[in-house]
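Coordinate analysis (summary)
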Amino acid sequence: MLIYLASPLATGSQAIKALKDSNVKSVLMNSNIATVQTADGLADRVYLLPVTTEFVEEVIDREKPDGLFLQFGGQVSCDDLERAGNNAGV
């Protein structure tokens, strides 16, 4: 499951923990290295990348997730990330 977080909120950490408890691999994308979600060992894999359609598509192509969880707390374009998921077939 690819989780894209553009927010420092702890709810993303809870989502990652719930996936881990359910034995679902989590791949985290976050452009903010100072958030709790990027803590070592929380997600199975972490990508610290800018919020762009190109980077999201690249991670989707590499990881081949079954689905996407999106969380936003800033001025992030849901449309861009939805388009990236659709373009990658997720």
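Quick caveat, the model's predicted, so the values are computed rather than measured.

1. Points about the overall build of the protein
On a plain count of helices and strands, the protein comes out with 3 helices and 4 strands. Secondary structure elements in the protein, listed N-terminal to C-terminal, are β-α-β-β-α-β-α. Burial statistics for the protein: of 90 residues in total, 38% are counted as buried. Relative to all contacts within the protein whose residues are 6 or more apart in sequence, the contacts with residues 24 or more apart total 58%. For the protein, the accessible area works out to roughly 5,100 Å², and carbon and sulfur atoms hold 49% of it.

2. Observations regarding the confidence of the model for the protein
Here the protein averages 76 in pLDDT, and 68% of its residues register 70 or above. Element-level pLDDT for the protein is lowest in strand 1 (residues 2–6), with a mean of 61, against a maximum mean of 90 in helix 2 (residues 53–63).

3. A closer look at unusual backbone geometry
One non-glycine residue, Asn23, lies in the positive phi region at around 60°. Of note, Asn23 is situated in the loop between helix 1 (11–21) and strand 2 (27–30). For Lys64, which is not a glycine, the phi torsion comes out positive at approximately 55°. Checked against the element boundaries, Lys64 lands in the loop between helix 2 and strand 4 (68–72). Using a relative accessible area of 61% as the deciding quantity, one classes Lys64 as exposed.

4. Thoughts on the nonpolar core
Judged by nonpolar contacts, Val27, Met29, Tyr47, Leu49, Val56, Val59, Ile60 and Ala84 together constitute the single largest core of 8 residues. Those elements that place two or more of their residues in this core are strand 2 and helix 2. If you tally residues by element for this core, the top one is helix 2, at 3 residues.

5. Quick word on helix 2
Those residues of helix 2 lying buried are Thr53, Val56, Val59, Ile60 and Glu63. Take helix 2 and look down its axis: the buried residues cluster within an arc of 135°, on one side only. Helix 2 presents Glu54 and Arg62 as exposed residues on the side facing more than 90 degrees away from its buried surface. Two residues or fewer past helix 2, Lys64 is found with a positive phi of approximately 55°.

6. A closer look at the pairing of strand 2
Side chains of strand 2 alternate between two faces, with Val27 and Met29 and Leu28 and Asn30 buried alike. Bridging between strand 2 and strand 3 (residues 45–48) involves 4 bridges; their strand directions are parallel. For Asn30, the partnering residue across the bridge sits in strand 3 and is Leu48.

Reading the values: rules and limits
- Numbering of residues begins from 1 in every chain and follows the order in which that chain's sequence is written.
- For a predicted model such as this one, the threshold for reporting local features is a pLDDT of at least 70, and the threshold for listing and counting side-chain atom pairs is 80 or more; totals across whole chains, interfaces and linings nevertheless cover every residue.
- Excluded from the side-chain calculations are hydrogens and water; all other atoms, namely the structure's heavy atoms, are used.
- Only DSSP runs of H or I covering at least 4 residues are called helices, and only runs of E covering at least 2 are called strands; the numbering of each starts at the N terminus.
- Only protein chains enter the area calculation, which uses a 1.4 Å probe; residues under 20% of their type maximum are buried, those over 50% are exposed, and those in between are partly exposed.
- The contact rule is simple, with two residues in contact once any of their heavy atoms fall within 4.5 Å.
- Here the open area of atoms and residues is found with the Shrake-Rupley method and a 1.4 Å probe, where only the protein chains shown may cover a residue.
- As a per-residue measure, pLDDT tells how confident the predictor is, with possible values from 0 to 100.
- For our purposes a nonpolar core is just a set of buried Ala, Val, Leu, Ile, Met, Phe, Trp, Tyr and Cys residues, chained together by side-chain atoms within 4.5 Å.
- Here the arc refers to the directions that run from the helix axis out to each C-beta atom.
- Should DSSP find at least two bridges between two strands, the strands are taken to pair.

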